[in-house]
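# Reading the structure
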Amino acid sequence: SKMPFRKKLALLMPVLGYLGGIIKVLGMAGTLQLARGVKKEIQEAERHDWHRLKEKGISDKHLEGIIKKMALAKVMAEMMGMEKAAQLRNRLSHRISIPVFEEVFAQAEVFVQCGGGDFLPAFKKYYVAMMATMAEKGLEEAEVAEDKEDVFQLNVTYCAWAEVARALGNPHYCYYST
């Protein structure tokens, strides 16, 4: 979804905090080295054969964004260790997830109203439709593993972020960086 400018602006402080955390760990010289390393990883990744992802339907724009994110994740993990890189990224995620998800998902009351007083039935339909769109875009594929009155579980069977991370040398770059 398109996030209103005011909400995007509110995300600036967490992003600056993230950058500050990187500088605190690596120092200015290390942060510049990180930037050069990310640029190099992106250039190398752009020469990679991404036909498998293209066959899934991923757009150049989405692939480019994922490559940038995974290149940053890789270089951060190499320079500061996976644990510290994950700590910084998770702190950012916790600060921005709610405002971002508020733009992606309807408010809980809407799901309750559409579900006739029950949140889960409407949410399931919405989430399955969202996953179908993600599959159409070549981003993720999932199958419903369990669907009961009070349980809903999806198993992700394909993830473009994990595929790019794997191609960059370690699928775990994806898991800590999202």
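To be clear, the structure that these remarks concern was listed above.
This one's a predicted model, so the numbers in the text were calculated from it and none came from an experiment.

Of regular secondary structure, the protein chain possesses nine helices and two strands. Secondary structure of the protein chain in N-to-C order comes out as α-α-α-α-α-α-α-β-β-α-α. Principal-axis analysis of the C-alpha atoms gives the protein chain an extent of 55 × 35 × 30 Å. Scored against the burial criterion, the 178 residues of the protein chain give a buried share of 34%. Across the protein chain, the fraction of contacts at a sequence separation of at least 24, relative to all contacts at a separation of at least 6, is 62%.

Glancing now at a nonpolar patch on the surface. Together, Phe5, Leu9, Leu12, Met13, Leu16 and Leu19 make up an exposed nonpolar region whose accessible area comes to about 620 Å². Those elements that place two or more of their residues in the nonpolar patch are α1 (5–10) and α2 (12–46). Among the elements that make up the nonpolar patch, the one with the highest residue count is α2 (four residues). By secondary structure assignment, the location of Phe5 is in helix α1.

The subject of this paragraph is the nonpolar core. Considering soluble globular proteins, one finds that nonpolar side chains tend to be buried as a cluster. Counting 39 residues, the largest nonpolar core has Ile22, Leu53, Ile66, Met70, Met76 and Val164 as the members making the most contacts within it. For this core, the secondary-structure elements that each account for two or more residues are α2, α4 (60–80), α5 (82–104), β2 (152–159), α8 (160–167) and α9 (172–177). It is α4 that provides the largest number of residues to this core, a total of 10 residues. Contacts of Leu53, omitting those with residues within four sequence positions, involve Ile58, Leu63, Tyr158, Ala160, Glu163 and Val164. The next biggest cluster of nonpolar side chains, apart from the first, holds five residues, and it includes Phe105, Phe111, Ala122 and Phe123.

Moving on to the pattern of salt bridges. Scanning the model with the defined rule gives 11 salt bridges in all. One salt bridge in this structure joins Asp60 and Lys54, with 1.9 Å as the shortest N-O distance. Judged by relative accessible area, Lys54 falls into the partly exposed class, the value being 35%. Lys148 is the salt-bridge partner of Glu146, the closest N and O atoms lying 3.2 Å from each other. We classify Glu146 as partly exposed; its relative accessible area is 25%.

Thresholds applied
- Residues numbered from 1 in each chain as written.
- Predicted model: local features only at pLDDT ≥ 70, side-chain atom pairs only at ≥ 80, totals over all residues.
- Heavy atoms only, no water.
- Helix = DSSP H or I, 4+ residues; strand = E, 2+ residues; numbered from the N terminus.
- Buried < 20%, exposed > 50% of the residue type's maximum accessible area, 1.4 Å probe, protein only.
- Contact = heavy atoms within 4.5 Å.
- Patch = residues over 30% accessible without salt bridge, like charges linked within 9 Å, V, L, I, M, F, W, Y side chains within 5 Å.
- Areas by Shrake-Rupley, 256 points an atom, 1.4 Å probe, with all protein chains shown as cover.
- Salt bridge = Lys/Arg side-chain N within 4 Å of Asp/Glu carboxyl O.
- Core = buried A, V, L, I, M, F, W, Y, C linked by side-chain atoms within 4.5 Å.

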